[in-house]
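Structure assessment
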Amino acid sequence: MQVIIFTDLDGSLLNHEDYSFAEATPSLDRIKQFGIPLIITTSKTRREVELLQWEMGIREPVIVENGGGIFFPRGYRNLLIENKEQKDDYTVIAIGTTYSRVRDFLEKISVQFDIKGFGDMAPAEIAELTGLSIERAALAKEREFTEPFIMERPDDIGLLSDLAAGEGLKVTRGGRFHHLMGKEQDKGVAIRIVRDIFRINFGEELTTIGLGDSENDLAMLEQVDIPVLIPRSVKGYLDIRLPGLVRAREPGCRGWNEAVERLLNEYGKVTAKGS
Ligand SMILES: [Mg+2]
């Protein structure tokens, strides 16, 4: 049996406050040792994830910008992949719309709603809002599909969402920001595509595990066989009900480590949903 793990970053594999994954190292090491694909599924950009993967010592497919795009390292496990394009060292499946289209809409409505996206901010300002270093904030600005933004009047979000829908866009909420993106994309859509690619290529029963902490992870948690909810440090567990939901006991990378360890210990007993 093949296990694939999908994971959110901020508030899940990375601590919400300091972005550390240090306490997840024991489980990360086991994942590497077992050769389990660990598919980072995040609102972060490809460039941010590249740096994190390098720090973690992994080279795996990634789902970036809330399901906007899937990037397989070129030649990864000799997988046969359809409907793709080649970009840099990647085989890419683009699901979301283009960043320029998202920015055009945001610029058009920015005065009415008093909102500000990453494209309007210098790296120092993003660093200030997020606690990221300036270098990492610069990588967060290198966007391909989606735009995180802040708004002065959060009550306007309903109206803004309606206007976005009229333009084929949508708004979701992450841990720190709202995100504007093409309406066809979400983490769940991307996960289905990745899962099917593995299924076609491996031709065996796959068990998928997904770990996340906030609303924009819901589509991911609904798609996997074993959804794992990580509590948020202040707000606690997201209020959701899903069959077979596993709850990590602590926030951030410490909870991530413990939950993954628990599941890997049950590895032999893990069975697909509905079987
Ligand atoms: Mg998160």
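Residues numbered from 1 in each chain as written. Predicted model: local features only at pLDDT ≥ 70, side-chain atom pairs only at ≥ 80, totals over all residues. Heavy atoms only, no water.

Thoughts on the packing of helix 1 (residues 25-34) against helix 9 (residues 252-265)
Close contact between helix 1 and helix 9 brings their axes to 8 Å; oriented N to C, the two are set at 40 degrees. Here helix 1 is positioned oblique relative to helix 9, judged by the angle of their axes. The crossing of helix 1 and helix 9 is left-handed. Between helix 1, through Thr25, Pro26, Ser27, Leu28, Arg30, Ile31 and Phe34, and helix 9, the contact on the second element is made entirely by Trp256, Asn257, Val260, Glu261, Leu264 and Asn265. Across the contact of helix 1 with helix 9, the residue classes tally to 7 nonpolar, 4 polar and 2 charged. (Axes fitted to C-alpha atoms, helices over the stretch in contact; angles between N-to-C directions. Helix = DSSP H or I, 4+ residues; strand = E, 2+ residues; numbered from the N terminus. Parallel < 35°, antiparallel > 145°, perpendicular 65-115°, else oblique. Left-handed = near helix turned anticlockwise from the far one by under 90°. Contact = heavy atoms within 4.5 Å. Nonpolar A, V, L, I, M, F, W, Y, C, P; charged D, E, K, R; others polar.)

Details of helix 2 (residues 46-56)
Within the sequence span of helix 2, burial applies to Arg46, Glu48, Val49, Leu52, Gln53 and Met56. Take helix 2 and look down its axis: the buried residues cluster within an arc of 150 degrees, on one side only. Downstream of helix 2 by a residue or two, Gly57 has a phi angle that is positive, lying close to 75 degrees. (Buried < 20%, exposed > 50% of the residue type's maximum accessible area, 1.4 Å probe, protein only. Arc of directions from axis to C-beta.)

Notes on the domain arrangement of the protein chain
Partitioning the protein chain into structural domains gives domain 1 (2-95 + 186-269) and domain 2 (99-182). Domain 1 and domain 2 are separated by 23 Å when their C-alpha centres are compared. On the domain 2 side, the residues contacting the 25 residues of domain 1 number 19 residues. Summing the contributions of domain 1 and of domain 2, the shared interface buries around 1,800 Å²; its carbon and sulfur component is 48%. The largest contributions to the domain 1 side of the interface with domain 2 come from Tyr19, Arg47 and Glu65, which together make up 30% of the buried area. (Domains from an automatic or database assignment. Buried area = accessible area lost by both parts, 1.4 Å probe.)

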